[in-house]
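# Understanding the architecture of this molecule
What follows is each chain in one-letter form.
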Amino acid sequence: MTEPTKILFIGLSCVGDVVMTTPVIQVIHKKYPDASIDFVADRRSSVLYENCPYKNKIYIKDKNKFMRGLPGLLADLWQQKY
């Protein structure tokens, strides 16, 4: 089995969940140190990911856009081939 090169972590808006899953992100990075780790978050929780030393990119799900930002988000993620 090949090692993943990209990992997508979906956190969205629950700030408490972001804080509680921080150890999981650390373990994922330790297990796959060469993989880029990207995050999906809303504006409120994205601030918590900004200083994450393991992050590559943060995708913002803008709930104020058409269909809560889902079409644009899915298009962005589709291009990355997770």
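### Some details on a nonpolar patch on the surface
- Where nonpolar side chains cluster on the molecular surface, the patch consists of Val15, Val19 and Leu48 and spans about 220 Å² of accessible area.
- In this structure, Val19 sits in helix α1 (residues 15–20).

### Regarding the environment of Ile7
- One can find Ile7 in strand β1 (residues 6–12).
- Judged by relative accessible area, Ile7 falls into the buried class, the value being 14%.
- Those residues in contact with Ile7 that lie beyond four places of it in its chain are Ile28, Tyr32, Ala35, Ser36, Ile37, Asp38 and Tyr82.

### Some points on the pairing of strand β3 (residues 55–60)
- Across 5 bridges, strand β2 (residues 36–41) lies against β3 in parallel orientation. Paired with Ala41 across the bridge in β3 is Ile60.
- A crossover links β2 with its parallel partner β3, the connecting element being helix α3 (residues 43–49), and its sense is right-handed.

### Examining the side chain of Ser46
- Assignment of secondary structure puts Ser46 in helix α3.
- Among the polar contacts listed, one links the side chain of Ser46 to the backbone oxygen of Arg43, at a separation of 2.9 Å.
- Sequence-distant contacts of Ser46, defined by excluding residues within four places in its chain, comprise Ala41, Ile58 and Ile60.

### Let's talk about the environment of Lys57
- Mapped onto the fold, Lys57 is located in strand β3.
- Separated by 53 residues in sequence, Lys57 and Pro4 have C-alpha atoms that sit 16 Å apart.
- Those residues in contact with Lys57 that sit more than four places away from it in its chain are Ile37, Asp38 and Phe39.

### Quick look at the nonpolar core
- By size, the foremost hydrophobic cluster in this structure holds 11 residues: Ile7, Phe9, Val18, Ile25, Ala35, Ile37, Phe39, Ala41, Tyr49, Cys52 and Ile58.
- Elements with a contribution of two residues or more to this core: β1 and β2.
- Per-element tally for this core: the top contributor is β2, with 3 residues.

### Re the environment of Gly16
- For Gly16, the location among the structural elements is in helix α1.
- On the basis of relative accessibility, which here comes to 46%, the residue Gly16 falls in the partly exposed class.
- Sequence separation between Gly16 and Ser45 is 29 residues; the distance between their C-alpha atoms is 9.1 Å.

So, how was this worked out
Residues numbered from 1 in each chain as written. Predicted model: local features only at pLDDT ≥ 70, side-chain atom pairs only at ≥ 80, totals over all residues. Heavy atoms only, no water. Patch = residues over 30% accessible without salt bridge, like charges linked within 9 Å, V, L, I, M, F, W, Y side chains within 5 Å. Areas by Shrake-Rupley, 256 points an atom, 1.4 Å probe, with all protein chains shown as cover. Salt bridge = Lys/Arg side-chain N within 4 Å of Asp/Glu carboxyl O. Helix = DSSP H or I, 4+ residues; strand = E, 2+ residues; numbered from the N terminus. Buried < 20%, exposed > 50% of the residue type's maximum accessible area, 1.4 Å probe, protein only. Contact = heavy atoms within 4.5 Å. Pairing = 2+ DSSP bridges. Right-handed = clockwise from strand over helix to strand, strands pointing away. Polar contact = N/O pair within 3.5 Å; in protein donor to acceptor, adjacent residues only side chain to side chain. Core = buried A, V, L, I, M, F, W, Y, C linked by side-chain atoms within 4.5 Å.

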